[in-house]
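# Working through the structure, step by step
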Amino acid sequence: MPIQSIFPLFTTKCDSSSNPPPPPLLPPPGSSKSGEAGSTPPPPPPAAESDKASAPPPPSPAAAEDDIAKAAASVSSCPNPGPLEMATWDVRRLVSLDTYDGVRVDISKQLSPYFACVHSFHLGTSMLPDGKNCSYGFTTQMNDEEGFMMARVDPERGTVDGRIHKALLGGLAMGKLQLGLSSEGQSDQMLGEVDVGAATWTANLKYGSMGGGNVFGCNYFQAVTPKLAMGGEGMYIGANGNMISSYTAKYSFVNGNEEATDGATAPGPTEAPSYLAATYNAGQGMLSLNYKRAVTPQRVNIGASLECSPMTLESQVMLGAEFNLTRSKMNVCIDGTGRIQSVLETKLGREQGSPALNFAAELDHGKNVMKFGYGLNIGS
C-alpha cells in the first residue's frame, strides 16, 4: 500500500513538485557580509572627455604667491626708497675703491652666534700719519635680532670708536649712536640718530657734538612715483656756524637685460635696480650726477659719477665697473685725471668662512704715484 494513502496530509520536501529556490548571490570580493555588500554604493560613472577638458586645473603654489604679491602691491604702488644717505651708495662703491699699499691681514673669530672679534694688522704702508709704517686694531661686534654693537680700539693712536644700532618702538624706528674717543680728548665726537619711516618715505633726525660744537640735522626721502624719489637734507654745524643743505632726486628704471632675465634671476641678495640720481649741495654749490646700470644682474655692474660746479665750471668724472665670478670679484675704476684703481678679491675655498685673498693697486701717472698691496682675510 502506498505511503500517501496512509498519510495523505503529510508530504516530504523531496516529494514536492515545485522547483527549489535559487541560491543567494555571493558577495563581491573584499566584503565579509552580504548586508554590507548590498549597502555599498555603486562606483560613479566615468567622466566624459568634455567634462575633463572643461574642469579648471587646481592653482599652483607659485600662482598663489603671485596673487599675494599683487594684492600687497595694490595697497601701495610706491615702495620705500630707503635712507637718503644710501641713495647713491652703489655708485660710490663702484667709482671709489679702497686701495692701499703694504700688507693687510684680518683674523676674525666667531666666539658665539652673537659675538665675534677681529684682529687687524697693516704692515709696510706709507698711508699712516706720523711716519708710521704699521698699525694694529682690535674690533668686537655683537649682533642680535634688534641691532648690533661694535667697538674698535687702536693702541697706537690711543683711540676708541664705537657704534650702536638698536630697534625702537617694536621696530618702527631705529636708534643709532656713534662715538669717537681719543687719549687727548680734543677730537672727541658723539652723534645720535633716529631713523623713522613708513610705506613710502624715510626720515632721519640727528644731534651730536663734532669739532667742539653742536650739530643738528635732519633729512627726508619720499617716493613720488614707483620709479621717482625725491628728498632733501639740512644740517647746522655749530663749530663754524655753517648751514648745509642738499637736495636729491633719484629715478630708477629697468633696462632690457633685466627685463629678459626676470624669469630666471641668479641666486643671492636682491640687486638694486639701475638708476640715475642727481644731488645739489647748496652750501658748496656742487652738482653731482650718478648713474648705475646692471649689465648682467648679480654679475656685471657699471657706474659713473660727474661732479661739477655751475659757478666755476670745475668738474670731475669717475667711472667704475664690477665683475662677480663664482669665487672671485674684480673692481676697476678710473677718474678724469687718469688715476686707475683696481681691487681683486678671491676665495681660497668653497666652504663658508674660507680665507679670502685680496690684491689692490693704484696708478696715478700725473702725480707719479704707484701703490700695490695685498691682503688676507682669515676666519669664519
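Located above this text is the structure these notes cover.
If you're wondering where the values come from, they're calculated on a predicted model, not measured in any experiment. In this convention, every chain numbers its residues from 1, walking through the sequence in written order. Totals for whole chains, interfaces and linings use every residue, but because this is a predicted model, local features are given only for residues with pLDDT of at least 70 and side-chain atom pairs only at 80 or more, for both listing and counting. Processing note: side-chain calculations cover all non-hydrogen atoms of the structure and skip hydrogens and water entirely.

### Examining the overall build of the chain
Secondary structure assignment for the chain yields six helices and 19 strands. For the chain, with 380 residues in total, the buried portion stands at 24%. In the chain, 31% of the contacts between residues at least 6 apart in sequence involve partners at least 24 apart. Residue exposure ignores everything except the shown protein chains as possible cover, and the areas themselves are Shrake-Rupley values with a 1.4 Å probe. Accessible surface, the chain: about 25100 Å² in total, of which carbon and sulfur atoms supply 63%. A run of H or I in DSSP becomes a helix once it reaches four residues, and a run of E becomes a strand once it reaches two; helices and strands are each numbered from the N terminus. Exposure classes here rest on a 1.4 Å probe applied to the protein chains alone. A residue is buried below 20% of its type maximum, exposed above 50%, and partly exposed in between. Every residue pair with non-hydrogen atoms within 4.5 Å of one another is taken to be in contact.

### So, the packing of aromatic side chains
Note on aromatic pairs: the rings of Phe, Tyr and Trp (six-membered ring only in Trp) are paired at centre separations within 6.5 Å, and the planes decide the class, stacked below 30 degrees, edge-to-face beyond 60, tilted for the rest. Enumeration over the complete set of coordinates arrives at six aromatic pairs. Seen from their ring centres, Tyr251 and Phe253 are 6.4 Å apart, and the 25° between their planes marks the pair as stacked. When the ring of Phe253 is compared with that of Tyr291, the centres are 6.3 Å apart and the planes differ by 15°; the resulting orientation is stacked. Pair noted here: Phe253 is in strand E11 (residues 242–253) and Tyr291 is in strand E13 (residues 286–296), with a separation of 38 residues, a long-range link. Tyr291 sits in the partly exposed class, given a relative accessible area of 26%. Through successive ring pairs, a cluster of aromatic residues spans Tyr207, Phe216 and Tyr236. Two thresholds decide whether a charge sits over a ring: the Lys NZ or Arg CZ must be within 6 Å of the ring centre and within 35 degrees of the ring normal. Above the ring of Tyr275, the side-chain terminus of Lys250 is found at 4.2 Å from the ring centroid.

### Topic: the environment of Ser183
Its location among the elements puts Ser183 in the loop between strand E6 (173–182) and strand E7 (189–197). For Ser183, a relative accessible area of 63% corresponds to the exposed category. Once you skip the residues sitting within four places of it in the chain, Ser183 turns out to touch Arg157 and Gly158.

### Considerations on the pairing of strand E12 (residues 274–281)
Strand pairing is assigned whenever DSSP detects at least two bridges linking the two strands. In this sheet, E12 lies alongside E11 in antiparallel orientation, the contact comprising eight bridges. Bridge pairing in E12 links Ala249 to Ala278. The sheet contact formed by E12 and E13 spans seven bridges and is antiparallel. Bridge pairing links Ala278 to Leu289 in E13.

### Observations concerning the pattern of salt bridges
Any Lys or Arg side-chain nitrogen located within 4 Å of an Asp or Glu carboxyl oxygen qualifies as a salt bridge. Taken as a whole, this structure holds nine salt bridges when the rule is applied. Arg104 is the salt-bridge partner of Asp98, the closest N and O atoms lying 3.1 Å from each other. What makes Arg104 partly exposed here is its relative accessible area of 27%. With its nearest N and O atoms 3.9 Å apart, the salt bridge here joins Glu156 to Lys132. Placement of Glu156 in the loop between strand E4 (147–154) and strand E5 (159–168) and of Lys132 in the loop between strand E2 (115–123) and strand E3 (134–144) is noted, with a sequence separation of 24 residues between them. Look at Glu156 and you get partly exposed, because its relative accessible area is 47%. When salt bridges with common partners are traced through the structure, they connect Asp335, Arg339 and Glu362 into a single cluster.

### Brief notes about the side chain of Asp364
With respect to the helices and strands, the residue Asp364 is situated in strand E18 (residues 356–364). Two residue types count as positive, namely Lys and Arg, and two as negative, namely Asp and Glu; His and chain ends fall outside the count. One buried charged residue, Asp364, forms no salt bridge at all, with the nearest opposite charge on Lys367 at 4.6 Å. Apart from the residues within four sequence positions on either side, Asp364 is in contact with Arg339 and Val369.

### Thoughts on a nonpolar patch on the surface
Candidates for patches are residues over 30% relative accessible area with no salt bridge; among them, like charges are joined within 9 Å and nonpolar side chains (Val, Leu, Ile, Met, Phe, Trp, Tyr) within 5 Å. Residues Tyr114, Met142, Met149, Val153, Val160, Ile164, Leu177, Leu179, Leu181 and Met190 make up a contiguous nonpolar surface patch of roughly 760 Å² in combined accessible area. Residue assignment for the nonpolar patch shows that the elements contributing at least two residues are E4, E5 and E6. At three residues, E6 tops the list of elements feeding residues into the nonpolar patch.

### Overview of the pairing of strand E8 (residues 201–210)
Remark: a regular strand shows side chains that alternate across the two faces of the sheet. Relative to E8, E7 runs antiparallel, the two being bridged by eight bridges. Across the sheet, the residue bridging to Leu191 is Gly208, located in E8. Taking the residues between adjacent antiparallel strands as the criterion, E7 and E8 are bridged by three residues. Note: E8 against strand E9 (residues 213–223), 10 bridges, orientation antiparallel. By the bridge assignment, Asn204 is partnered in E9 with Asn219. Connecting E8 to the next strand, E9, in antiparallel fashion are two residues, including Gly211 with a positive phi near 65°.

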